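Residue-level listing of the chains:
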Amino acid sequence: MQVWKFGGTSVGKPERMKSIRQLITEDGKAKIVVLSALSGSTNSLLSISESLLAGQIAEAQTKAQALRSHYDLFLTELYQTEQGLAKGKSIVDKEFAFIDGLIASSPYGTKQEKEMVALGELLSTQIFEAYLQEEGVNSLLLPALDFMVIDEDNEPILKKIEENLGAILAKEPGKQIYITQGFICRNPQGEVDNLKRGGSDYTASLIGGAISAEEVQIWTDIDGMHNNDPRIVKNTFPIRELSFAEAAELAYFGAKILHPSTITPAKLKGVPVRLKNTMEPSAYGTLISEKSTDIEIKAIAAKDNITAIYIHSTRMLNAYGFLKRVFEVFEKYKTPVDMITTSEVSVSVTIDQTTHLDSIMSELREFAELEDPDNDQVIICIVGNFWADKEGIAIKVLNAMKNIPIRMISYGASEHNISLLVDAKHKNESLNALNEGLFF
């Protein structure tokens, strides 16, 4: 069995939904299909929540009515029969009655907001499954809230997901298509929650790992992962194959097509992940697996909104235990470090979460001297095969960047990653210079 995931733009219009039906049924293979909310729905639901949290009930009702009108029009363009349309309307009636109940609820808080946001996926999957039934497809809806669970740290419990989903599938064998929701889950209290990081892509990978799928396919509106950011750089091209490690590096350091969390469950079970384009289904896309090709330099990504912190030991030479104390501060405030460079008496680190920056700086000053942090920095990540005995890789990178100031360099911690820190004003110039210097 395969797992296919489609995002909001892929199901955002009735004609797109119809084309997905064609895609998932034409090869006759059994699939679990993971859907996001219709494009724009989640933002609308969040906007309704914002009004409710601000106590603006009438405004929330107006927004809900506008969203309902959008769904009503969607239904009339999707279904071909009176029975199909009646089924679609009954689904929308039920879920918008729930929205009305949330609007009337008091107090309206975090629990209600999560229930509100989950309705986007609940609507899209029920509407699509009813359409499949109208088209005579042998399909079944698998409610994600029946099997997708997270722990107290908001981490998915893969073993429990595997047990829950396995039991459900054992009771309902023989279907060609199973439909389920991305993003949503239940927390340890049994309440509706969400996966936060990675969303529906993460759901697909978790399901793929749980059932040891033949393959997980992530369908988007571009033809796989590119060697550089096509929004900034001309002459980019899709990458046909990446290893799990290479894809994880690219995702972590800014490749928008994939969230870094997505790779982990598939990697644990050795399930290949393929990135495909709904606009060009015949295109090969990008295959992510345990294998890697011999190509030295695969791709470049950029991670924005980075802050650099420069820390100097007050004990100067032979500062035993200094790094331990530094990282205990970041651990205390649950703030990940992206890059680190060291000298005999100093350490420079970068972070992308600045919520606790003032507290971190205050505690570091108790045993170290600090420079003012550099905000608005960018990490440029070059990914490929950089084995220890490879020669000439670093010089290629530095030659390409010869006219651009580099604040930090990280090389050698991974066989797949060279990271450079530059000021955000040099981001576009850096990506273009590296593209030209490394690929052409």
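Above: the structure in question.
All of these numbers come straight from a predicted model, not from anything done at the bench.

What counts as what
Residues numbered from 1 in each chain as written. Predicted model: local features only at pLDDT ≥ 70, side-chain atom pairs only at ≥ 80, totals over all residues. Heavy atoms only, no water. Helix = DSSP H or I, 4+ residues; strand = E, 2+ residues; numbered from the N terminus. Rg over C-alpha atoms; globule rule 2.2 N^0.38 Å. Buried < 20%, exposed > 50% of the residue type's maximum accessible area, 1.4 Å probe, protein only. Contact = heavy atoms within 4.5 Å. Areas by Shrake-Rupley, 256 points an atom, 1.4 Å probe, with all protein chains shown as cover. Lys, Arg positive; Asp, Glu negative; His and termini not counted. Charge placed at Lys NZ, Arg CZ, Asp CG, Glu CD. Pairing = 2+ DSSP bridges. Axes fitted to C-alpha atoms, helices over the stretch in contact; angles between N-to-C directions. Salt bridge = Lys/Arg side-chain N within 4 Å of Asp/Glu carboxyl O. Parallel < 35°, antiparallel > 145°, perpendicular 65-115°, else oblique. Left-handed = near helix turned anticlockwise from the far one by under 90°. Nonpolar A, V, L, I, M, F, W, Y, C, P; charged D, E, K, R; others polar. Core = buried A, V, L, I, M, F, W, Y, C linked by side-chain atoms within 4.5 Å. Phe/Tyr/Trp six-rings, centres within 6.5 Å; stacked < 30°, edge-to-face > 60°. Lys NZ or Arg CZ within 6 Å of the ring centre and 35° of its normal.

Moving on to the overall build of the protein chain. Check the secondary structure of the protein chain and you find 13 helices and 17 strands. Whereas a compact globule of 440 residues would reach a radius of gyration of roughly 22 Å, the protein chain reaches 24 Å, a difference of no more than 12%. The principal-axis extents of the C-alpha atoms in the protein chain amount to approximately 80 × 50 × 40 Å. Taking all 440 residues of the protein chain together, the buried fraction comes to 52%. Put simply, 74% of the contacts in the protein chain that link residues at least 6 apart link residues at least 24 apart. Summed over its atoms, the accessible surface of the protein chain is roughly 20000 Å², and 49% of this surface lies on carbon and sulfur atoms. Side-chain charges in the protein chain split into 44 positive and 60 negative, and the spacing between the mean points of these groups amounts to 2 Å.

Before going further, it helps to spend a moment on the sheet that holds strand E7 (residues 215-220). The strand order E3-E4-E2-E1-E7-E9-E10-E8 describes an open sheet built from eight strands, whose pairing is mixed. Edge strands, defined here as strands with exactly one partner in the open sheet, are strand E3 (139-141) and strand E8 (241-243). Pairwise comparison of adjacent strand axes, ignoring direction, gives a mean angle of 20° for this sheet. Where strand E9 (residues 273-277) meets strand E10 (residues 286-289), three bridges bridge the pair, whose relative direction is antiparallel. Residue pairing for E10: Leu275 is matched across the bridge by Thr286. The sheet contacts of helix H1 (residues 14-25) involve strand E1 (2-6), strand E2 (31-35), strand E4 (177-181) and E7, and relative to E1 the element is tilted by about 165°. In the packing of helix H5 (residues 110-134) onto the sheet, the strands contacted are E2, E3 and E4, and the crossing angle to E4 comes to about 165°.

Counted under the stated rule, the structure contains 22 salt bridges. Residue Lys29 pairs with Glu214 through a salt bridge whose shortest N-O separation is 3.8 Å. With a gap of 185 residues between them, Lys29 in the loop between H1 and E2 and Glu214 in the loop between helix H7 (199-210) and E7 connect regions that are remote in the sequence. A salt bridge links Asp352 to Lys303, with the nearest nitrogen and oxygen atoms 3.0 Å apart. Taken together, the residues span a long stretch of sequence, with Asp352 in the loop between strand E13 (346-351) and helix H11 (357-364) and Lys303 in strand E11 (residues 297-313) at a distance of 49 residues. According to the relative accessible area criterion, Asp352 is partly exposed, its value standing at 28%. Residue classification places Lys303 among the buried positions, given a relative accessible area of 10%.

Let us look at the pairing of E11. In terms of burial, E11 is a largely internal element, 14 of the 17 residues being buried. Here six bridges tie E11 to E13, and the two strands are oriented antiparallel to one another. Each bridged residue has a counterpart across the sheet, and for Ile309 the counterpart in E13 is Val349. Pairing of E11 with strand E14 (residues 368-370) involves three bridges; the strand directions are antiparallel. If you follow Ser313 over to E14, its bridge partner there is Ala368.

With that settled, the discussion passes to the packing of helix H10 (residues 322-332) against H11. H11 packs onto H10 with a crossing angle of 155° between their chain directions and a minimal axis gap of 10 Å. Classified by the angle between their axes, H10 and H11 sit roughly antiparallel to one another. In this structure, H10 meets H11 at a crossing whose hand is right-handed. Residues Val326, Val329, Phe330 and Lys332 of H10 form the contact with H11, whose own contacting residues are Ile360, Glu363 and Leu364. In terms of residue class, the contact of H10 with H11 is made up of five nonpolar, no polar and two charged.

Moving on, we get to the pairing of E9. The side chains of a regular strand alternate between the sheet's two faces. Taking burial as the measure, the five residues of E9 include five buried ones, the bulk of the element. Burial along E9 is two-sided: Val273, Leu275 and Asn277 and Arg274 and Lys276, pointing in opposite directions, are all buried. The pairing of E7 with E9 spans five bridges and is classified as parallel. When the sheet's bridge partners are listed, Gln217 is paired in E9 with Arg274.

Now for the packing of helix H6 (residues 158-171) against H7. Where H6 contacts H7, the two axes come as close as 9 Å, and the packing angle between them is 70°. By the angle between their axes, H6 is roughly perpendicular relative to H7. Between H6, through Leu158, Ile161, Glu162 and Leu165, and H7, the contact on the second element is made entirely by Leu206, Ile207 and Ala210. Its residues assigned to classes, the contact of H6 with H7 shows six nonpolar, no polar and one charged.

Turning our eyes to something else, we now look at the nonpolar core. One finds Phe6, Ile24, Met116, Ile127, Phe128, Met225 and Ile288 to be the most contacted residues of the largest nonpolar core, which totals 99 residues. Excluding its chain neighbours within four sequence positions, the residues that come into contact with Ile127 are Met17, Tyr71, Phe74, Leu75, Leu78, Tyr79, Ile91 and Val92. Judged by nonpolar contacts, the second largest core, of 20 residues, contains Phe386, Ala400, Ile404 and Leu431.

Quick look at the packing of aromatic side chains now. Here the distance between the centres and the angle between the planes together describe a pair of aromatic rings. Under the criterion given, the structure shown has nine aromatic pairs. Ring centres 5.9 Å apart and planes at 65° place the aromatic pair Tyr71 and Phe96 in the edge-to-face group. Here Tyr71, found in helix H3 (residues 57-78), pairs with Phe96, found in helix H4 (residues 82-104); they are 25 residues apart in sequence, far enough to count as distant. Look at Tyr71 and you get buried, because its relative accessible area is 0%. Judged by centre distance (6.2 Å) and plane angle (80°), the rings of Phe322 and Phe367 are edge-to-face. Residue Phe322 is found in helix H10, and its partner Phe367 is found in the loop between H11 and E14; the two are separated by 45 residues along the sequence. Across the pair, exposure class does not vary: Phe322 and Phe367 are buried alike. By the ring-pair criterion, three or more aromatic residues cluster together here, those being Trp4, Phe6 and Trp219. Positioned above the aromatic ring of Trp4, the side-chain terminus of Lys31 is 4.8 Å from the ring centre. Residue placement shows Lys303 over the ring face of Phe253; its charged tip is 5.9 Å from the ring centre.

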